[in-house]
Amino acid sequence: MAVYAFTFPGQGSQSVGMGQELAEAFPAARAVFQEVDDALGEHLSKTIFEGPIETLTSTENAQPALMAVSMAVLRVLEQDGGLDLAGRVSLLAGHSLGEYAALAAGRAFDVAQAARLLRLRGQAMQRAVPAGEGGMAALIGVTLAQAEEVCTRASESGSTEIANDNGGGQIVISGKMAGIDAAIAIAKEMGIKRAVKLPVSAPFHSSLMKPAEDAMAEALAKADIAAPVVPVIANVSAERETDADTIRNNLVQQVTGRVRWRESVATMTGLGVDTFVEIGAGKVLSGLVRRIDPEVSTLSIGTPADIETFLKSL
């Protein structure tokens, strides 16, 4: 029998119309989108289903939107498909904002609280650094040691740090725009396969996000967090977490901390997981997992047809 981990995507997986088929087909999915709309006091679902993409991609919208789609999929699996999450799934993990979806899936907090926290997180991250001053870049075909060397050298031009260790030779760096520009030039000089600036509006997961970390520390101190019914692998520790206070602290540190996705996948396979199921929009995490460990199975569930196929396989 397969040993499952459910994974939840982060920013960049959004697309206009995601989750719409689910909402049309299942009352349980519609209820999730309504919960998010009610929590935020606006029709975010209209932006999710109809766009425009520029509005959906705005950090303050993309973060709660992606969580909403993931939770709509999960709610259908549980309510219509009869999935017993705690009985059938060994571990949960999410990439960056996806960690909030993983925690909501594990009942550490409810959908409404996740939506409000992610809206605040998106706004705080956007405000932390003036537009144009910070950025991010992806390094492809690179080792962790090489990426660290790039960051050390580039930081002479402007602070540059590793933001995401995505595995499979893909590392995302973050920092001052001058540092990012220098890093791209240094990477080419070092013979690194590819270095490309990302279309993001702020230097996420870097020390420049300290004002956003402070805002989230204040919000999370007041948040009602319970122990999840399924352990969650935290981005900042790449470890299996079940303690509510540890989870709270990890979410604060996550704003400026590195997303240790490669290590998180290794932790999950080390704990016996052989099948990774991506819950929500897109297939980004499935691709990353396959590059990290080609031996494991991956599935992506984002549509009614995907749900039907998965439930038949159980």
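So, here's what we can say about the structure. What you see is a predicted model, and the numbers here were worked out from it, not measured in a lab. (Residues numbered from 1 in each chain as written. Predicted model: local features only at pLDDT ≥ 70, side-chain atom pairs only at ≥ 80, totals over all residues. Heavy atoms only, no water.)

## Side note on helix α5 (residues 59–79)
Then, number 1: Counted at 1.5 Å a residue, the expected span for α5 with its 21 residues is 30 Å, and the 30 Å between its end C-alpha atoms agrees.
Then, number 2: Counting buried positions over the 21 residues of α5 gives 19, a clear majority of the element. (Helix = DSSP H or I, 4+ residues; strand = E, 2+ residues; numbered from the N terminus. Expected span 1.5 Å × (residues − 1). Buried < 20%, exposed > 50% of the residue type's maximum accessible area, 1.4 Å probe, protein only.)

## Looking at the sheet that holds strand β3 (residues 134–140)
Then, number 1: Across the sheet, four strands lie side by side as β4-β5-β3-β6; this open sheet has antiparallel pairing. What marks the edges here is a single partner per strand, and that holds for β4 (160–167) and β6 (194–197). Adjacent strand axes in the sheet meet at a mean angle of 20 degrees, parallel and antiparallel pairs treated alike.
Then, number 2: Here six bridges tie β4 to strand β5 (residues 170–176), and the two strands are oriented antiparallel to one another. When the bridges of β5 are listed, D165 appears paired with I171. (Pairing = 2+ DSSP bridges. Axes fitted to C-alpha atoms, helices over the stretch in contact; angles between N-to-C directions.)

## Remarks on the packing of aromatic side chains
Then, number 1: Enumeration according to the criterion identifies four aromatic pairs in this entry.
Then, number 2: Seen in terms of ring centroids, Y4 and F310 are 5.5 Å apart; in terms of plane orientation they differ by 75 degrees. Their pairing is edge-to-face. You can see Y4 sitting in strand β1 (residues 4–8) and its partner F310 sitting in helix α15 (residues 304–313), a full 306 residues away along the chain. Taken individually, Y4 and F310 each receive the classification buried, so the pair is uniform in this respect. (Phe/Tyr/Trp six-rings, centres within 6.5 Å; stacked < 30°, edge-to-face > 60°.)

## Some thoughts on the pairing of β4
Then, number 1: Summarising burial for β4: seven of the eight residues are buried, a large majority.
Then, number 2: Between β4 and β5, which pair antiparallel in sequence order, lie two residues; one of them, G168, sits at a positive phi of approximately 65 degrees.

## Let's talk about the packing of helix α11 (residues 210–222) against helix α12 (residues 244–254)
Then, number 1: α12 packs onto α11 with a crossing angle of 160 degrees between their chain directions and a minimal axis gap of 8 Å. Relative to α12, α11 is oriented roughly antiparallel. Read as a crossing pair, α11 and α12 show a hand that is right-handed. Contact residues: α11 offers E213, M216, A217, L220 and A221, while α12 offers R248, L251, V252 and Q253.
Then, number 2: Residues of the contact of α11 with α12, tallied by class, amount to six nonpolar, one polar and two charged. (Parallel < 35°, antiparallel > 145°, perpendicular 65-115°, else oblique. Left-handed = near helix turned anticlockwise from the far one by under 90°. Contact = heavy atoms within 4.5 Å. Nonpolar A, V, L, I, M, F, W, Y, C, P; charged D, E, K, R; others polar.)

## Topic: the side chain of E213
Then, number 1: Within the secondary structure, E213 sits in helix α11.
Then, number 2: Taking the relative accessible area as the measure of exposure, E213 reaches 13% and is therefore buried.
Then, number 3: For E213, the residues in contact, after removing those within four places along its chain, are V252, Q253, V255 and T256.

## Some points on the packing of helix α8 (residues 111–128) against α11
Then, number 1: Where α8 meets α11, the closest approach of the two axes is 8 Å, and the angle between their N-to-C directions is 155 degrees. Of the possible angle classes, the one that applies to α8 and α11 is roughly antiparallel. Crossing of α8 against α11: the hand is right-handed. In contact with L117, L120, R121, A124, M125 and A128 of α8, α11 contributes P211, A212, A215, M216, A219 and L220.

## What about α15?
Then, number 1: Within α15 the residues assigned to the buried category are P304, I307 and F310. All buried residues of α15 lie within an arc of 125 degrees about the axis, which places them on one face of the element. What points out from α15, more than 90 degrees from its buried face, is the exposed set T309 and K312. (Arc of directions from axis to C-beta.)

## Some remarks on the nonpolar core
Then, number 1: In terms of nonpolar packing, the biggest core is built from 79 residues, with F6, I48 and L92 touching the most fellow members.
Then, number 2: With eleven residues, α5 is the single largest residue contributor to this core.
Then, number 3: Among residues more than four places away in sequence, those in contact with I48 are S15, V16, G17, M18, F33, L56, A65, A68 and V69.
Then, number 4: The next biggest cluster of nonpolar side chains, apart from the first, holds 18 residues, and it includes A137, A154, A182 and I192. (Core = buried A, V, L, I, M, F, W, Y, C linked by side-chain atoms within 4.5 Å.)

## Topic: the pattern of salt bridges
Then, number 1: In the structure shown here, the tally under the stated rule is 17 salt bridges.
Then, number 2: Measuring nitrogen to oxygen at the nearest pair gives 3.9 Å for the salt bridge that ties E133 to K176. Of this pair, E133 sits in the loop between α8 and β3 while K176 sits in strand β5, and the two are 43 residues apart along the sequence.
Then, number 3: Judged by relative accessible area, E133 falls into the partly exposed class, the value being 37%.
Then, number 4: Of the residues examined, K176 reaches a relative accessible area of 33% and is grouped as partly exposed.
Then, number 5: Here the residues in one salt-bridge network are E42, E60 and R119, joined through shared partners. (Salt bridge = Lys/Arg side-chain N within 4 Å of Asp/Glu carboxyl O.)

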